[in-house]
Amino acid sequence: MHYAPAADRYNNMTYQRCGKSGIQLPAISLGLWHNFGSIDNFENGRSIIRHAFDKGITHFDLANNYGPVPGSAEENFGRILKKDFSGHLRDELIISSKAGYTMWPGPYGDFGSRKYLISSLDQSLQRMQLEYVDIFYSHRPDPNTPIEETMGALHSVVQQGKALYVGLSNYNAEQTKAALAVLQSLGTPCLIHQPKYSMFERWVEGGLLDVLEANGVGCIPFSPLAQGLLTDRYLHGIPAGSRASKPSGFLQENDITPEKIEKVKKLHALAQQRGQSLAQMALAWILKDKRITTVLIGASSVAQLDDNLDTLKNTSFSKEELDTIETILK
Ligand SMILES: NC(=O)c1ccc[n+]([C@@H]2O[C@H](COP(=O)([O-])OP(=O)(O)OC[C@H]3O[C@@H](n4cnc5c(N)ncnc54)[C@H](OP(=O)(O)O)[C@@H]3O)[C@@H](O)[C@H]2O)c1
């Protein structure tokens, strides 16, 4: 069916400046790690992407290895772009990809060499049928490759016009400082950092966020719902079709511990008092920090996406609520 994007798509989304750059990102961005691979229902993924754009989500996050099978999320996203986002709609989108985790066999399909990063981005562009991505990331630090080489590769892809901006993912505060210095010296500043951050995973508070702020770099936390744990999904066991129920999902059954569910239940009760869902409270809790540019969610249905979008109706917390959350998380 022909898709015409909603005329009011920019009316209800908040856009926030990414560090000290010219780019603004929607407060909520959508990632294609799960639910968009060749094992998933194509039309479901397509309707999620269309709906996201209708609601002002302009940023879609991919990586070479998203699937399964690896590469298939980029392929499917490319098909959706071709079908639904033709013409100048590409110019309304911020599309990212990454390389850093295992993608192909042998020594050149993993980590952070110039060889891997540049050839992987070429493959990603082919799969998505794009001339350029907006953001290209080093997906993880490589302890065995000089940081000058990895950052030099990011700089090169910008020079080559294959990416407009570059980013870092999963680099700790010290690694980030070193990478930012090299990028700065090359004249390709880092746009954004993508770390794992949620109520259950708070390492970024120990220094990374300060480094980003001091250097004018934006922040896009991934898995802000702890892959679904910080929602009502697992309040009463592991439902069929959930990420934890699937062999291909990165959330494992044994991640759903009684201790975690105990906390989730208390958080859920607090969210209800605030008049929002737990998912909404978990996203709002991340967005309350001004150093955060956008939260990078996943969704397996349009209904989940809508639930998450309604976060923006209430993102403020009283001191008492924040204290209660800390007590629950202890
Ligand atoms: N840079 C990196 O190393 C890295 C690593 C991981 C992820 N990422 C990026 O971050 C994105 C998001 O990661 P994520 O998918 O783990 O994020 P998440 O938002 O923490 O988890 C998303 C999952 O939670 C469940 N969910 C979402 N909204 C819900 C709601 N309102 N109610 C109930 N359940 C809900 C769904 O799982 P069900 O399937 O159970 O419905 C959904 O697939 C990825 O797509 C990717 O772009 C990056």
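Residues numbered from 1 in each chain as written. Predicted model: local features only at pLDDT ≥ 70, side-chain atom pairs only at ≥ 80, totals over all residues.

An unreviewed UniProt entry annotates the protein chain as L-glyceraldehyde 3-phosphate reductase of Chitinophaga polysaccharea.

So, on to the nonpolar core. Among the nonpolar cores identified, the biggest contains 86 residues, and Ile 135, Phe 136, Val 166, Leu 230 and Ala 282 are the most heavily contacted of them. Per-element tally for this core: the top contributor is helix 8 (residues 278–287), with nine residues. Contacts of Phe 136, omitting those with residues within four sequence positions, involve Ser 97, Leu 121, Leu 154, Val 157, Ala 163 and Val 166. (Core = buried A, V, L, I, M, F, W, Y, C linked by C-beta atoms within 7 Å. Buried ≥ 20, exposed ≤ 12 C-beta atoms within 10 Å, placed from the backbone. Helix = DSSP H or I, 4+ residues; strand = E, 2+ residues; numbered from the N terminus. Contact = placed C-beta atoms within 7 Å.)

UniProt tags residues 28–329 as "domain: NADP-dependent oxidoreductase" (unreviewed entry). Counted over residues 28–329, helix gives 40% and strand 12%. Its end C-alpha atoms are 24 Å apart. (UniProt positions renumbered as here; feature names shortened; annotations may be inferred.)

Before going further, it helps to spend a moment on the site of the ligand. In the neighbourhood of the ligand, 31 residues make up the surrounding shell, with Gly 31, Trp 33, Phe 222, Gly 228 and Gly 298 lying closest. For the shell around the ligand, the secondary-structure elements that each account for two or more residues are strand 10 (295–297) and helix 9 (302–309). Looking at the shell around the ligand element by element, the count peaks at three residues for helix 9. The residue inventory of the shell around the ligand, partitioned by class, reads 10 nonpolar, 16 polar and five charged. (Near = placed C-beta within 6 Å. Nonpolar A, V, L, I, M, F, W, Y, C, P; charged D, E, K, R; others polar.)

As a further point, take the sheet that holds strand 8 (residues 190–194). Strand order in the open sheet formed by eight strands is 9-8-7-6-5-4-3-10, with parallel pairing between adjacent strands. Since the sheet does not close on itself, it has two edges, and those belong to strand 9 (218–219) and strand 10, each with one partner. Relative to strand 10, strand 3 (residues 28–31) is paired through three bridges, and the arrangement is parallel. Across the sheet, residue Leu 30 finds its bridge partner in strand 10, namely Ile 297. The strands that helix 5 (residues 173–186) touches are strand 7 (163–169) and strand 8; relative to strand 8, the one it contacts most, it runs at about 160 degrees. (Pairing = 2+ DSSP bridges. Axes fitted to C-alpha atoms, helices over the stretch in contact; angles between N-to-C directions.)

Running from N to C, helix 3 (residues 114–128) and helix 4 (residues 147–159) point in directions that differ by 30 degrees, and their axes come no closer than 8 Å. By the angle class used here, helix 3 and helix 4 are roughly parallel. When you trace helix 3 past helix 4, the crossing you get is right-handed. Residues Arg 114, Leu 117, Ile 118 and Leu 121 of helix 3 pack against Glu 149, Thr 150, Gly 152, Ala 153, Ser 156 and Val 157 of helix 4. A class-by-class count of the residues in the contact of helix 3 with helix 4 yields five nonpolar, three polar and two charged. (Parallel < 35°, antiparallel > 145°, perpendicular 65-115°, else oblique. Left-handed = near helix turned anticlockwise from the far one by under 90°.)

All right, on to unusual backbone geometry then. Only a minority of non-glycine residues have a phi that is not negative, and only a minority of peptide bonds are not trans. Geometrically, the link from Gly 67 to Pro 68 is a cis peptide bond, its omega value of -15 degrees lying close to zero. With respect to the helices, strands and loops of the structure, Pro 68 is situated in the loop between strand 4 (59–61) and helix 2 (72–84). At the junction of Pro 68 and Val 69, the peptide bond is cis and its omega measures out at -5 degrees in the coordinates. Tracing the backbone through its elements, the reader meets Val 69 in the loop between strand 4 and helix 2. Although it is not a glycine, Ser 223 adopts a positive phi angle of roughly 50 degrees. Mapped onto the elements, Ser 223 comes out in the loop between strand 9 and helix 7 (258–273). The buried category is assigned to Ser 223, around which 23 C-beta atoms lie within 10 Å.

Moving on, we come to the environment of Asp 134. Structurally, Asp 134 can be placed in strand 6 (residues 133–138). The exposure class of Asp 134 is buried, given the 20 C-beta atoms found within 10 Å. Each C-alpha atom, one on Asp 134 and one on Ile 220, is 15 Å from the other, the two residues being 86 residues apart in sequence. Once you skip the residues sitting within four places of it in the chain, Asp 134 turns out to touch Ile 94, Ile 95, Ser 96, Leu 164 and Tyr 165.

Further remarks concern the environment of Leu 32. By secondary structure assignment, the location of Leu 32 is in the loop between strand 3 and helix 1 (42–54). Judged by C-beta crowding, with 25 C-beta atoms within 10 Å, Leu 32 ranks as buried. Once residues within four sequence positions are removed from consideration, Leu 32 is found in contact with Phe 60, Asp 61, Leu 62, Tyr 66, Ala 73 and Phe 77.

Locating Leu 296 in the fold gives a position in strand 10. Apart from residues lying up to four places away in sequence, Leu 296 is in contact with Ser 29, Gly 31, Asp 61, Gln 194, Ile 220, Pro 221, Phe 222 and Pro 224.

For a regular strand, side-chain orientation follows a simple rule: the groups alternate between the two sheet faces. Residues Ile 28 and Leu 30 point to one face of strand 3 and Ser 29 and Gly 31 to the other, with burial holding for every one of them. Sheet topology note: the strand 3/strand 4 ladder contains two bridges and is parallel. Following the sheet pairing, Gly 31 is matched in strand 4 by Asp 61. After leaving strand 3, the chain enters helix 1 and then returns to the sheet as strand 4, a path that is right-handed. (Right-handed = clockwise from strand over helix to strand, strands pointing away.)

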